[in-house]
Amino acid sequence: MLKTLAAILPDDPVVEHAVDSLELERNALGYDAWGFHAEHCKGAAKLAHYIYRYFRPRIHGIENLPPGRVLVVPNHSGQLPFDGLVVATACMLEAKPPRLVRGMAERWFSTLPYVSEVFARSGSVLGDPVNCRNLLEADNAILVFPEGARGSGKTWDRRYQLQPFGRGFMRLALETHTPVVPVAVVGAEESILSVHDAKLLSKLFGTPYWPVPPHLPMVGLLAYLPLPTRFHVTFGEPMHFEGRWDDEDQAIDEKVRLVMDRVQGMVDEGLRRRKSVFA
Amino acid sequence: MDREVALVTGIAGGLAGQVAHALHDRGYHVVGVDYRALPSASALPEGTTLVRAHYNKTGIEDVFRRHRPSLVLHLGRVGNLKEQLEKRFELNVIGGQKITALCLKYGVRRLVVLSTFHIYGADPMNHTPISEDDPLRAGTEFPEIADAIQLDNHAVNTLYRYPQMQTVVLRPCNVVGPGIQNAMSRFLRQPRVPVMMGFDPMVQLVHERDLISAILAVAGGTAIGVFNVAGKSALPWSAVVDMTGAGRVPVPSSVAFAYLRVASLFTSTLPPYLVNFIKHPCVISDEAFRRTFGWAPQVDEVETVRSTVGG
């Protein structure tokens, strides 16, 4: 399916060159054990490049992405995971050499026809701690949103306030001796606005939240189309942590706090520097 | 000096026959046992003793008493759903227990049990790769695989409870090859092979030659344990089907399950649980096996598929 998409979409030499130069362990037919394949990935990456250009991101500090295993840890916002898409695309197109940053998909996705296939071929894997550990031990880069749905689904009154981070990523970082690269995404928060979480609807459809944009009564479902805000993405210097991965929660929390504070600081700095939501 | 005796179960199967040849070449006197009709003696190495016996009846004890094997390769797990559940339970579970009990009673030095990776189950929640310590999920959706899980559990118990005998349990991925007649090999040989609409998981195939070399590595070694055995690398099911030269038939998985549930009542066909293995991933790691026995598969992915279908 993705191969067909790659053939239908116009040539994109930037994407093709980036995907072709990914340094990944693959078998003779070009697949890795999780199902990634460059030719299929090009379809997804070309499509992602359109969305990437829609948000016209300004990328800072991409050179902070170290070679080898790394956990990329951004703030999460904007209702739909465009922030993840923009961060991953930046790592693919702007990093030297290009990096495939693997997304950790919700468990639900792997049960869905076609979606599970698209995810696997383009490098995402089931968000399971063992998968994560196996990937890091194989020196992959992984994208983690420790805020989870708490971050992406938050309403306008809490914009750019980081929600509590989970501890899982820190335990993995300690266990696999993986550096953490803090990332701040500014601009995603305004792409889809939400003033209310319609809990009844989210319960009905089995989603973690259901955003209600303020202009929903005026424009109807069009309110769910993301606005062309400009994204500012800042990659911070890698943070290295030492200690026992199975330590008490309190000890892990202290380390998590350091990452959270760093990300919040970078988000605040990005907001100060930003002149307008769209410029 | 008397030759060492190797008892091989499932001798009527394609795999055991080839293992018998290799053991003969290594100086063993091979005693082949099967509950099914025995193969012709000419297909087996000269001097092979063939016995038709149920694994759960007294006949099998006579074999142990008469031949006193030092090496037992229990390759005769019944995976074929043509056999009724009760019969498979008797052969696999009770028969498996009987064979281990006899191994202990007659002082067998080394026991190798050929289990299967099917017991892990193919599931959308599987991580990649699956190691020997991971849970066996298959039974949750397909209780008819319970006999294979019990056979494996019993062998693993034996391994740890009776250190006087060296026990090894092998869990190979899909075994295929020109001499193999199991469900997966027959499935690949069809003129048109189904793919599940919207799903294309990574699958692993191990060529019979590689599995035989794995079994021989275990037979000749001293290490014990439970080990996965995989082939060269994992491929999407659609790529495997393309390699067979057969046409792909996209089928909704619900239709495939329903068809096989009904068809399995009348004919020997693909076990319904196998459909899950072409719908969801079950990619195993055999790193521990490679490290322990210095084994590596030799047959590449393309030859593995092509030789199976005779292309």
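Think of each chain on its own: its residues are numbered from 1, step by step along the sequence as written. The lettering of chains begins at A and the numbering of ligands begins at 1, in the order of writing. Only residues with pLDDT of at least 70 are given local features in this predicted model, and only at 80 or more are side-chain atom pairs given and counted; all residues enter the totals for whole chains, interfaces and linings.

Caption draft 1: Region of interest: the overall build of chain A. Only DSSP runs of H or I covering at least 4 residues are called helices, and only runs of E covering at least 2 are called strands; the numbering of each starts at the N terminus. Helices and strands together make up the secondary structure of chain A, namely 11 helices and 9 strands. In terms of overall dimensions, chain A is globule-like: its C-alpha atoms have a radius of gyration of 18 Å, near the 19 Å expected for 279 residues. Dimensions of chain A, computed from C-alpha atoms along their principal axes, come out at roughly 55 × 50 × 40 Å. Residues counted as buried form 44% of the 279 residues belonging to chain A. If you take every contact in chain A between residues at least 6 apart in sequence, the share linking residues at least 24 apart comes to 77%. To get the radius of gyration, use the C-alpha atoms; to get the globule rule, take the number of residues to the power 0.38 and multiply by 2.2 Å. Each residue is classified by how many other C-beta atoms fall within 10 Å of its C-beta atom, where C-beta atoms are placed from the backbone; a count of 20 or more means buried, 12 or fewer means exposed, and values in between mean partly exposed. Each residue gets a C-beta atom placed from its backbone, and two residues are in contact if those atoms lie within 7 Å.

Caption draft 2: Region of the structure containing the overall build of chain B. The number of helices and strands found in chain B is 12 helices and 13 strands. A compact globule built from 311 residues should have a C-alpha radius of gyration of about 19 Å, and chain B, at 19 Å, falls within 12% of that. Counting only C-alpha atoms, chain B reaches 60 × 40 × 35 Å along its principal axes. Relative to its full complement of 311 residues, chain B shows a buried share of 50%. The contacts in chain B between residues at least 6 apart in sequence include a share of 78% that link residues at least 24 apart.

Caption draft 3: Geometry of the packing of helix H6 (residues 129–137) of chain A against helix H8 (residues 168–175) of chain A. Residue and element names in this part refer to chain A. The axes are straight lines fitted to the C-alpha atoms, using for helices just the contacting stretch, and the angles between their N-to-C directions are given from 0 to 180°. H8 packs onto H6 with a crossing angle of 35° between their chain directions and a minimal axis gap of 10 Å. Remark: the crossing between H6 and H8 carries right-handed chirality. Residues Pro129, Cys132, Arg133 and Leu136 of H6 form the contact with H8, whose participating residues are Gly168, Leu172 and Glu175. Polarity classes work like this: nonpolar for Ala, Val, Leu, Ile, Met, Phe, Trp, Tyr, Cys and Pro, charged for Asp, Glu, Lys and Arg, and polar for all others, with Gly in that last group. Counted by class, the contact of H6 with H8 contains 4 nonpolar, 1 polar and 2 charged residues. Helix crossings are classified by the rotation of the near helix relative to the far one: an anticlockwise turn of less than a right angle makes the crossing left-handed, while a clockwise turn makes it right-handed.

Caption draft 4: Inspection of unusual backbone geometry at higher detail. The step from Lys96(A) to Pro97(A) runs through a cis peptide bond, and the omega angle for that step is -5°. Along the polypeptide, Pro97(A) turns up in the loop between helix H4 (82–93) and strand E3 (101–105). Along the chain, Thr128(B) connects to Pro129(B) via a cis peptide bond; the corresponding omega equals -10°. Mapped onto the secondary structure, Pro129(B) falls in the loop between strand E5 (110–114) and helix H4 (138–141). Of note, His177(A) is a non-glycine position whose phi angle comes to about 50°, a positive value. Along the chain, His177(A) turns up in the loop between H8 and strand E6 (180–186).

Caption draft 5: Inspection of the interface of chain B and chain A at higher detail. Each partner contributes residues to the interface: chain B has 18 residues there, and chain A has 19 residues. Among the residues making up the side of chain B that touches chain A, the classes are represented as 11 nonpolar, 4 polar and 3 charged.

Caption draft 6: Structural detail: the domain arrangement of chain A. Residues and elements named next belong to chain A. Here the limits of each domain have been adopted from an automatic or database domain assignment. In terms of domains, chain A is made up of domain 1 (2–190 + 230–273) and domain 2 (192–225). Between the C-alpha centres of domain 1 and domain 2 there is a distance of 25 Å. Every contact between the two is made by 8 residues of domain 1 and, on the other side, 9 residues of domain 2. Classifying every residue of the side of domain 1 that touches domain 2 by side-chain character gives 3 nonpolar, 4 polar and 1 charged.

Caption draft 7: Summary view of the sheet that holds strand E1 (residues 58–60) of chain A. Residues and elements named next belong to chain A. Pairing between two strands requires that DSSP report at least two bridges joining them. Taken together, the 7 strands give an open sheet; going across it, the order is E1-E9-E6-E2-E5-E3-E4, and neighbouring strands pair in mixed fashion. Of all the strands in the sheet, the pair left with one neighbour each is E1 and strand E4 (125–126). Seen against the sheet, H4 touches E1, strand E2 (70–74), E3, strand E5 (141–143), E6 and strand E9 (232–235) and runs at an angle of roughly 155° to E3. Packing of helix H11 (residues 249–273) onto the sheet brings it into contact with E2, E6 and E9, and relative to E6 it is tilted by some 30°.

Caption draft 8: The packing of helix H2 (residues 13–20) of chain A against helix H3 (residues 38–54) of chain A, seen in detail. Residues and elements named next belong to chain A. Running from N to C, H2 and H3 point in directions that differ by 140°, and their axes come no closer than 9 Å. Accordingly, the angle class assigned to the pair H2 and H3 is oblique. By crossing handedness, the relation of H2 to H3 is classed as right-handed. In this structure, H2 uses Val15, Glu16, Val19 and Asp20 to contact H3, whose residues at the interface are Ala38, Cys41, Lys42, Ala45, Lys46 and His49. Considered class by class, the residues forming the contact of H2 with H3 number 5 nonpolar, 1 polar and 4 charged. An angle below 35 degrees is read as roughly parallel, one above 145 as roughly antiparallel, one from 65 to 115 as roughly perpendicular, and any other as oblique.

Caption draft 9: Expanded view of the nonpolar core. Buried Ala, Val, Leu, Ile, Met, Phe, Trp, Tyr and Cys residues form a nonpolar core when they are connected through C-beta atoms within 7 Å. By size, the foremost hydrophobic cluster in this structure holds 162 residues, and its most contacted members are Val72(A), Val73(A), Val87(A), Ile142(A), Val8(B), Leu73(B) and Val112(B). It is H4(A) that provides the largest number of residues to this core, a total of 8 residues.

Caption draft 10: Layout of the pairing of strand E8 (residues 192–196) of chain B. All names here are of chain B. Along E8, 4 of the 5 residues are buried, which leaves the element largely enclosed by surrounding structure. Relative to strand E13 (residues 247–251), E8 is paired through 5 bridges, and the arrangement is parallel. When the sheet's bridge partners are listed, valine 195 is paired in E13 with proline 250.

Caption draft 11: Representation of the sheet that holds strand E4 (residues 71–74) of chain B. All names here are of chain B. Here we have 7 strands laid out as an open sheet, ordered E3-E2-E1-E4-E5-E6-E11, and parallel in their pairing. In this open sheet, the two strands that pair with only one neighbour each are strand E3 (49–52) and strand E11 (225–229). Pairs of neighbouring strands in the sheet enclose a mean axial angle of 15°, with direction left out of account. The sheet contact formed by strand E6 (residues 166–172) and E11 spans 5 bridges and is parallel.

Caption draft 12: Highlighting the environment of Leu193(A). All names here are of chain A. Tracing the chain through its elements places leucine 193 in the loop between E6 and strand E7 (196–197). With 20 C-beta atoms packed within 10 Å, leucine 193 lands in the buried category. Leucine 193 has contacts with Trp156, Pro213 and Pro214, leaving out every residue within four places of it along the chain.

Caption draft 13: Expanded view of H3(A). One fewer than the residue count of a helix, multiplied by 1.5 Å, yields its expected span. Across its 17 residues, H3(A) extends 24 Å between first and last C-alpha, which sits within 8% of the 24 Å expected from 1.5 Å per residue. Note on H3(A): the residue one or two positions beyond its end, Arg56(A), has a positive phi of about 40°.

Caption draft 14: Seen up close, helix H1 (residues 14–25) of chain B. Residue and element names in this part refer to chain B. For H1, built from 12 residues, the straight-helix expectation of 16 Å at 1.5 Å per residue is met to within 8% by its first-to-last C-alpha distance of 17 Å. Every buried residue belonging to H1 is among Leu15, Ala16, Gly17, Val19, Ala20 and Leu23, and all of these are buried. Structurally, H1 contributes buried residues whose contacts are with strand E1 (5–9), strand E2 (29–34), E4, strand E7 (174–176) and helix H7 (208–219). Phi for glycine 27, located one or two positions after H1, is positive at around 95°.

Caption draft 15: Quick peek at the environment of Ile284(B). Here Ile284(B) is to be found in the loop between helix H10 (272–277) and helix H11 (287–293). If we ignore the near neighbours within four places in the chain, the residues touching Ile284(B) are Phe117(B), Tyr120(B), Pro129(B), Ile130(B), Cys173(B), Gln204(B), Asn228(B) and Ala230(B).

Caption draft 16: Highlighting the pairing of E9(A). Residues and elements named next belong to chain A. Every second residue of E9 is oriented toward a common face, with His232 and Thr234 on one face and Val233 and Phe235 on the other, all of them buried. In this sheet, E9 lies alongside E1 in parallel orientation, the contact comprising 3 bridges. Looking at E9, one finds that histidine 60 is bridged to threonine 234. Here E6 runs beside E9; their pairing, made up of 4 bridges, is antiparallel. Paired with valine 185 across the strands is valine 233, a residue of E9.

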